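# Survey of secondary and tertiary structure
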Amino acid sequence: MKRLSVALFGALGLFFVIPLALLLWQARGTDVRWLDIWFDHANLDALAGTLTTSLGAASIAFAIAVPLALLITRTALPFAGVLRALFTLPAALPPFILGMGWVSLANPRAGLLNLALGTGTFDIYGRFGISFVLGCAGLPLVFLPTLAALSRIDSSLEEAARISGATPMRTLLAVSLPLAMPAALSGAALCFLFAASAFGVPYLLGVTATPPTPTLTTRIYGEILMGQGGLPRAVVLSLELLVLAGVVLLTSRSLAKRGQVRLSSGKGVSIRPMELGTWKWPLSITGLALALVLVVLPLLAVALTSVQPVWGQLTGLSAKHWSAVLSNPRTIDATLRSLVLAASAASLVTLLGLGVALTRRRSLELLAGAPYAVPGTVLALALVIAFSRDVRFIAFDRFAFVLALGNSVWMLLVAYTVKHLAFGARNAADGLAQVDASLNEAARLSGAGPLRAFFDATLPQLRAPLIAAFIVTFLTCVTELTLSVLLIPTGRDVLGTLLFELQSYADPGAAAVIACAFVILVVVMQLVQSLFAPKEAR
Amino acid sequence: VRWLFFVLFLAGCRIETASPGSSPSQGTSAAAGGELWVYTSVYRHVLDALEPELKQAMPGVTIHWFQAGSEKVAAKLEAELAAGGTPCDVLITSDPFLYERFKQEGRLLRYVSPNGLRTPSRYSDLDGHFAAVRLSTMVLVHQKGSPAPLSFTALTTPEWKDEVALGDPLTSGTAFTWAVSMEKTYGSTFFDQLRSNGARVAGGNAAVLQKVEGHEARAGVLLLENALAAKAKGSPIEISWPTDGAVVVPGYAAILSSTQHAEAAKALIDVLLSARGQKIIAERGDMHAVDPRVPGPGGTLSLDELVQRSAPWDESMLQRGLTEGARVKADFSKAFSK
């Protein structure tokens, strides 16, 4: 374990701490006073904006995802499979595109919903809008881990509660819910960090609001993008986000510790769904209605954008964008590269995250969670500074091991992995917290070595959270935009860079095509999976 | 496990030995040969159209393009410079103030292309550190069917109450240039007047266009090239040239003094400024060429007319952007934080 943690510390040090420190090192000498920057009036406003929108987003995601996950896994809810699939979808959409969907639906002057219900009914601009859209986009971050945790609860506990006379409702709230709480809370913490480090949505919805809603990320981007020595100030502001990440991760951990119960006594995890009785249909319809409003509606808006030749004009729909994007040879090339990169990054995140969780070191867990709170541009620039030139290790004055990451696809892989390591670490840690050591001990007593015992006894119990980590990372990385734009090697494309190009130069319609195509791909994959593995459903 | 990681890490490295036979060849770049790294904000389809010209003029040269928005290009370049070096040889973006700063920091190589002799003198550096190869222009756009705003100051009148979308000078370079020009002419109270008249900040140029197309605002301040491209797609917007002077944002090109391939870099700039290069830039990029023989994009003003009808651009504007830029941004965000 010790060696593992040294190796992981080393990797994170090389690819995260040192680059960030180098970036900060550039600030030396220049007239940058940390406290002045942190307590600058505008930056305090931005901090307030970040705190309120991120808390809002995390609460919205938590409030929707946890009850849904409970109903889907523990009860005989009609259309549970459909709901599960629908609420995973937002992970496949770049949050920025989701934001554009909501702008076309609910901007105060000409939003489709406002045109239908009367002007001024909704105003997507401002704090509430940002929280809402980020909450919807971050929903899978809470939803998937909670599902994974719930799916492994031994239903004999619930049966015991029922036999002792508890109502189904009480059983859910008093038995099932606390058991899933650690996973749900750390999902909410991830959602908070996701919202705090997001730029696209707060910018899109914040800058137009009256008064504007500033966030730390919009300040950071302003400093970086407009040059003239803004980089050091941006890094100092990012450190504020890092501190915030530490606080949030520690809080969620200590909250989760309280209700922790070890579970999964190995075999016999068979779930008997609870009957809902008269509540069955009202609950199901509520769930479907929520999915309709939170997921399907913005998706439809994005799809509509993709067939509008002109933004916001409903006349003269055409497939022009679709044919232009799909007939572009660069699209296919970029798609393949993105899929391979995302799959590799997701595997690495899952494996390394498991490693982090296995060491059970709090410092390592915090370090693994920290990169997720750093805005993508800052992380990308730190990597540029550290690795734009080859790093050489000379052995025996004879051999040089040259780490040539600059301008190569490996740099993107490193960036994706470092940024999303939090997904793997949190999911694996929550999974491990639920695993009872008795099975492992039994294996050891029966003569298995430590590795063998781990692979045969512990690992199978971690399957659900590890798969959840893989899926979330994969979906996020395929359309990742911020890191990709700065780190892409010349002459290559990934979907993120294409999205960026289309959205800023061509038009949003063409960018919407890529988003739609990817969502369709995900839906098809889910359908295929459910067709070929009907018994695996739970 | 530690060793496993270490071995994996080393396996990820490229191995070079000190034996002479396998040393990578260096210094082989001939007069105009080798590899040229260009960081640019020129649109990809324009680069694609330029490719055959470049192939013909510089047969032995492989060009690597890093293409992104001006601001992102600058951020990457500065990070690399901070790290001690950049592969970038030629920089072609539309962020004029960066070039003036780089010139002052001694980062640019002087070169005056013979093809650039027709360029109006206000658009190139007199010392030859940088020169415009294209001109973007901030103009007014409005919805088809509505009366046109006649000037930028008209946007503060009651007729345009709550109907105006602007770019954000804090994140968009062209909007910043516009704001500096406006502040120079009208003072920073202009921003207060805009805000109290209900103008809204939209983000980048694409966002301003969206707001006007989507009926969130009836008028906006937008790049000519975005407006022309949108019109070509059938967007119901109209362009109007402000009587108080459109704001030209020169798209400079410059060679970094750290370049190892100065000859190839100069050849590239010659191609961009050649009559054919200029024609491609103007036609495909929907912006003005700096060569007066090339007609204006989309049948709009010619270069001579543009010079007449735009706010004056000179050395003092560059200085102003560098020295007063931070204050202009602060004034703007203060005015719009209400």
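Thresholds applied
Residues numbered from 1 in each chain as written. Chains lettered and ligands numbered in written order. Predicted model: local features only at pLDDT ≥ 70, side-chain atom pairs only at ≥ 80, totals over all residues. Heavy atoms only, no water. Helix = DSSP H or I, 4+ residues; strand = E, 2+ residues; numbered from the N terminus. Rg over C-alpha atoms; globule rule 2.2 N^0.38 Å. Buried < 20%, exposed > 50% of the residue type's maximum accessible area, 1.4 Å probe, protein only. Contact = heavy atoms within 4.5 Å. Areas by Shrake-Rupley, 256 points an atom, 1.4 Å probe, with all protein chains shown as cover. Lys, Arg positive; Asp, Glu negative; His and termini not counted. Charge placed at Lys NZ, Arg CZ, Asp CG, Glu CD. Core = buried A, V, L, I, M, F, W, Y, C linked by side-chain atoms within 4.5 Å. Pairing = 2+ DSSP bridges. Right-handed = clockwise from strand over helix to strand, strands pointing away. Phe/Tyr/Trp six-rings, centres within 6.5 Å; stacked < 30°, edge-to-face > 60°. Lys NZ or Arg CZ within 6 Å of the ring centre and 35° of its normal. pLDDT = per-residue confidence, 0-100.

### Some details on the overall build of chain B
What chain B contains, in helices and strands, is 12 helices and 11 strands. Against the compact-globule benchmark of 20 Å for 338 residues, chain B has a radius of gyration of 22 Å, which places it among compact chains. In terms of overall dimensions, chain B has a C-alpha envelope of 80 × 55 × 40 Å along the principal axes. When each of the 338 residues of chain B is scored for burial, the buried share is 60%. Excluding contacts between residues fewer than 6 apart, the proportion of contacts in chain B whose partners are at least 24 apart in sequence is 78%. Of the accessible surface of chain B, which amounts to about 13100 Å², a share of 54% is contributed by carbon and sulfur atoms. Placing the 33 positive and 36 negative side-chain charges of chain B at their respective mean positions leaves the two points 3 Å apart.

### What about the overall build of chain A?
Within chain A, the secondary structure is distributed over 24 helices and two strands. Residues counted as buried form 59% of the 538 residues belonging to chain A. Contacts in chain A between residues at least 24 apart in sequence constitute 79% of all its contacts with a sequence separation of at least 6.

### Focus: unusual backbone geometry
We note that Phe 79 of chain A has phi near 65°; this positive angle belongs to a residue other than glycine. Its location among the elements puts Phe 79 of chain A in the loop between helix H3 (41–74) and helix H4 (80–88). Even without being a glycine, His 215 of chain B presents a positive backbone phi close to 65°. Among the secondary structure elements, His 215 of chain B is positioned in the loop between helix H7 (205–213) and strand E9 (219–223). Judged by relative accessible area, His 215 of chain B falls into the partly exposed class, the value being 39%.

### Some details on the side chain of Asn 427 of chain A
Considering the arrangement of structural elements, one finds Asn 427 of chain A in helix H18 (residues 409–434). The contacts of Asn 427 of chain A, once residues within four sequence positions are left out, are Pro 145, Pro 465, Ala 468 and Ala 469 of chain A.

### With respect to the nonpolar core
Counting residues in hydrophobic clusters, the biggest one holds 290 residues, and the most contacted among them are Phe 16 and Phe 87 of chain A together with Met 58, Trp 178 and Leu 268 of chain B. In this structure Trp 178 of chain B touches Met 138, Phe 152, Leu 166, Phe 190, Leu 194, Val 221 and Val 247 of chain B, once residues within four positions along its chain are discounted.

### What about the pairing of strand E2 (residues 34–40) of chain B?
Residues and elements named next belong to chain B. Taken across its seven residues, E2 has five buried, putting it largely inside the fold. Two elements, E2 and strand E3 (residues 61–67), share seven bridges in a ladder whose sense is parallel. Bridge pairing in E3 links Glu 35 to Thr 62. With respect to chirality, the unit in which E2 leads through helix H2 (residues 44–57) into the neighbouring parallel E3 is right-handed.

### What about the environment of Val 384 of chain A?
All names here are of chain A. Positionally, Val 384 belongs in helix H17 (residues 376–387). Residue classification places Val 384 among the buried residues on the basis of a relative accessible area of 3%. Taking C-alpha positions, Val 384 is 7.4 Å from Leu 487, a pair spaced 103 residues apart along the chain.

### As for the packing of aromatic side chains
Taken as a whole and assessed by the stated rule, the structure comprises 22 aromatic pairs over all chains. Where Phe 79 of chain A meets Trp 281 of chain A, the ring centres are 6.5 Å apart and the plane angle is 70°; that geometry is what we call edge-to-face. Of this pair, Phe 79 of chain A sits in the loop between H3 and H4 while Trp 281 of chain A sits in helix H13 (residues 280–307), and the two are 202 residues apart along the sequence. With relative accessibility at 45%, the residue Phe 79 of chain A sits in the partly exposed group. Ring centres of Phe 130 of chain B and Tyr 252 of chain B lie 4.5 Å apart, and the angle between their planes is 55°; this geometry places the pair in the tilted category. Here Tyr 252 of chain B lies in strand E11 (residues 247–256) and Phe 130 of chain B lies in the loop between strand E5 (108–109) and strand E6 (131–143), a separation of 122 residues in the sequence. Of the two residues, Phe 130 of chain B and Tyr 252 of chain B, neither departs from the other in class, the shared state being buried. Among the aromatic residues, those joined into a cluster by ring pairs are Phe 152, Trp 178, Tyr 186, Phe 190, Phe 191, Phe 332 and Phe 336 of chain B. Over the ring of Phe 102 of chain B we find Arg 107 of chain B, and its NZ or CZ is 5.7 Å from the ring centre.

### Quick word on the confidence of the model for chain A
Of all residues in chain A, 89% have pLDDT values of 70 or greater, and the mean over the chain is 82. Across residues 534–538 of chain A, confidence stays below pLDDT 50; counting only partners more than four residues off in sequence or on other chains, it has seven contacts.

### Describing the environment of Ser 197 of chain A
Residue and element names in this part refer to chain A. Its location among the elements puts Ser 197 in helix H9 (residues 168–197). A residue is classified by how much of its surface remains accessible, and Ser 197, at 9% relative accessible area, is buried. In sequence terms Ser 197 and Ala 245 are 48 residues apart; their C-alpha atoms lie 9.8 Å from each other. Setting aside its immediate chain neighbours within four residues, Ser 197 contacts Thr 217, Tyr 372, Ala 373, Val 374, Pro 375 and Lys 419.

### Observations regarding the pairing of E9 of chain B
On any regular strand, side chains alternate: one points to one face of the sheet, the next to the other face. Residues and elements named next belong to chain B. Among the five residues of E9, five are classified as buried, and the element is accordingly described as predominantly covered. Going residue by residue along E9, you find Ala 219, Val 221 and Leu 223 tucked away on one face and Gly 220 and Leu 222 tucked away on the opposite face as well. Here E6 runs beside E9; their pairing, made up of five bridges, is antiparallel. Pairing of His 142 across the sheet is with Ala 219, part of E9. Pairing of strand E7 (residues 164–167) with E9 involves two bridges; the strand directions are parallel. Bridging from a neighbouring strand, Val 164 pairs with Ala 219 of E9.

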